Amino acid sequence: MIDVGSDYDIRIQPIGPGHFAWLRKKNYAGWVVLVDDQTRKHCLPLIEQELTGGLPVVIVEVPAGERFKHLDTCRYIWEEMFRGGVGRRWCCLNLGGGVIGDMGGFAASTFKRGMDFVQLPTTLLSQVDASVGGKLGVDFYEVKNSIGLFANPQAVWVDVRFLRTLPERELRSGFAEIIKHALIADRGQWVDLRQWANLAAGADWAEVIAGSVVIKRDIVLEDPFEHGQRKALNFGHTIGHAVESYFLERENRLLHGEGVAIGMITESWLSCTLGTLSEKELREITDYCLKLYGHQAIPPSCYATLLALMRQDKKNEADEINFTFLAEPGRAVVNQTATAEEITRSLQYYNSLAGPRG
């Protein structure tokens, strides 16, 4: 169990009777289980028997994917809760990846002015990042997570058995956040991670997840509402979120971690160009991210669109685009800015990386 302060605990172990015995002591009137079509099929059977015991259960299924992370889906969730007779003394179990966790926590926290919820993250991305820290929300006006709030769950239950249901591309997507955590806070972990090439081959995921979650926990405890050092967690996300949003409705859609990988390369280039990161370290980060994630060309015709999306980022102040840069692997520098020209050059740098690397 990982302590994240007095509000909630994170348990990294197979979900079983002990988890629900602890939860039942809170005397809930029933359970809402939020799933998507994939987690209902592959993950719900692993916990379904624990939901027996006399309390009513309402299962709400939503479509899988970031493109459904919006207020219309929340409206459907709220409608299903009303139809099922759900009240404030119920508990919502969010069984899914980052979309389910963010949107389910948001829907629960606003339903009848707030009901308790538990995060049951089923993807590597959500287990190491999205389920920890109390950030909840949905996408709006083509900007990721632009409507939301801070609210903590009762608990986060991380069960690595869920990872067996994932294709390798989804594992790589989540691994990007592990890379990010190492780059902003743990140089030793960064050195260790660079030895990994095949994520599907024998990883001790419980150990890796625990190490990554501890990094995020320490940052969140220091700055729970993102006024200062918590912004370090946004490394790779200013450009990465914009790229992800741009490709969201296109045939070659990117997963979150694939967008973040592009963001880590471009924002490392900015860190180097603006004087905080060495060229050698930039090459190491670039080469490793390309080895794991490949290269997705970004059309120059969309640069202006990407800049417009970055200007909508909620971290910005005084019309400047806010970044987290790297001083070195393992140490981040928050509240940095770059001009539109510099950002464009970072995208041009990324595009220049297509093809064989020597």
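The structure we're discussing is the one just above.
We now turn to the structure provided with this report. The model shown is predicted, which means the values in this text are computed figures rather than measured ones.

Some remarks on the overall build of the protein
Tallying secondary structure elements over the protein gives 14 helices and 11 strands in all. In terms of overall dimensions, the protein is globule-like: its C-alpha atoms have a radius of gyration of 20 Å, near the 21 Å expected for 358 residues. For the protein, buried positions account for 56% of its 358 residues. About 15,100 Å² of surface is accessible on the protein, with carbon and sulfur atoms providing 48% of the total.

Quick notes on the nonpolar core
Ranked by size, the top nonpolar core spans 72 residues in total, and within it Leu124, Phe175, Ile179, Trp205, Ile209, Ile298 and Leu306 carry the most contacts. With sequence-adjacent residues up to four places away left out, Phe175 is seen in contact with Leu124, Leu193, Trp196, Leu199, Trp205, Tyr288, Leu292 and Tyr293.

Concerning the side chain of Lys216
Assignment of secondary structure puts Lys216 in helix H9 (residues 205–222). Apart from residues lying up to four places away in sequence, Lys216 is in contact with Val128, Asp129, Ala130, Val132, His181 and Leu233.

Considerations on helix H5 (residues 98–110)
Between its first and last C-alpha, H5 extends 18 Å over 13 residues, near the 18 Å set by a 1.5 Å rise per residue. Judged by how many residues are buried, H5 sits mostly within the fold: 12 of 13 residues are covered. Among the residues of H5, Gly98, Val99, Ile100, Gly101, Asp102, Met103, Gly104, Gly105, Phe106, Ala107, Ala108 and Ser109 are the ones counted as buried. Directly beyond the C-terminal end of H5, a positive phi value near 50° is found at Lys112.

Focus: the packing of aromatic side chains
A complete count under the given rule lists 13 aromatic pairs for this structure. Centre to centre, the rings of Phe20 and Trp157 are 5.2 Å apart; their planes meet at 65°, and the pair counts as edge-to-face. You can see Phe20 sitting in helix H1 (residues 17–24) and its partner Trp157 sitting in strand E9 (residues 155–158), a full 137 residues away along the chain. Ring plane angle 15° and centroid distance 5.5 Å describe the contact between Phe175 and Trp196, whose orientation is recorded as stacked. Highlighted residues: Phe175 in helix H7 (residues 168–185) and Trp196 in the loop between helix H8 (187–193) and H9, separated in sequence by 21 residues. In this structure Phe175 comes out as buried when scored by relative accessible area, which is 0%. By relative accessible area, which is 22% here, Trp196 ends up partly exposed. Taken together, the ring pairs in this structure connect Phe20, Tyr28, Trp31 and Trp157 into an aromatic cluster. Across the ring face of Trp22, the terminal group of Arg11 is positioned such that the distance to the ring centre comes to 5.0 Å. The ring of Tyr246 carries the charged tip of Arg250 above its face, separated from the ring centre by 3.7 Å.

Rules used in this analysis
Residues numbered from 1 in each chain as written. Predicted model: local features only at pLDDT ≥ 70, side-chain atom pairs only at ≥ 80, totals over all residues. Heavy atoms only, no water. Helix = DSSP H or I, 4+ residues; strand = E, 2+ residues; numbered from the N terminus. Rg over C-alpha atoms; globule rule 2.2 N^0.38 Å. Buried < 20%, exposed > 50% of the residue type's maximum accessible area, 1.4 Å probe, protein only. Areas by Shrake-Rupley, 256 points an atom, 1.4 Å probe, with all protein chains shown as cover. Core = buried A, V, L, I, M, F, W, Y, C linked by side-chain atoms within 4.5 Å. Contact = heavy atoms within 4.5 Å. Expected span 1.5 Å × (residues − 1). Phe/Tyr/Trp six-rings, centres within 6.5 Å; stacked < 30°, edge-to-face > 60°. Lys NZ or Arg CZ within 6 Å of the ring centre and 35° of its normal.

So, to be careful, I would describe these as geometric facts and stop short of saying anything about function.
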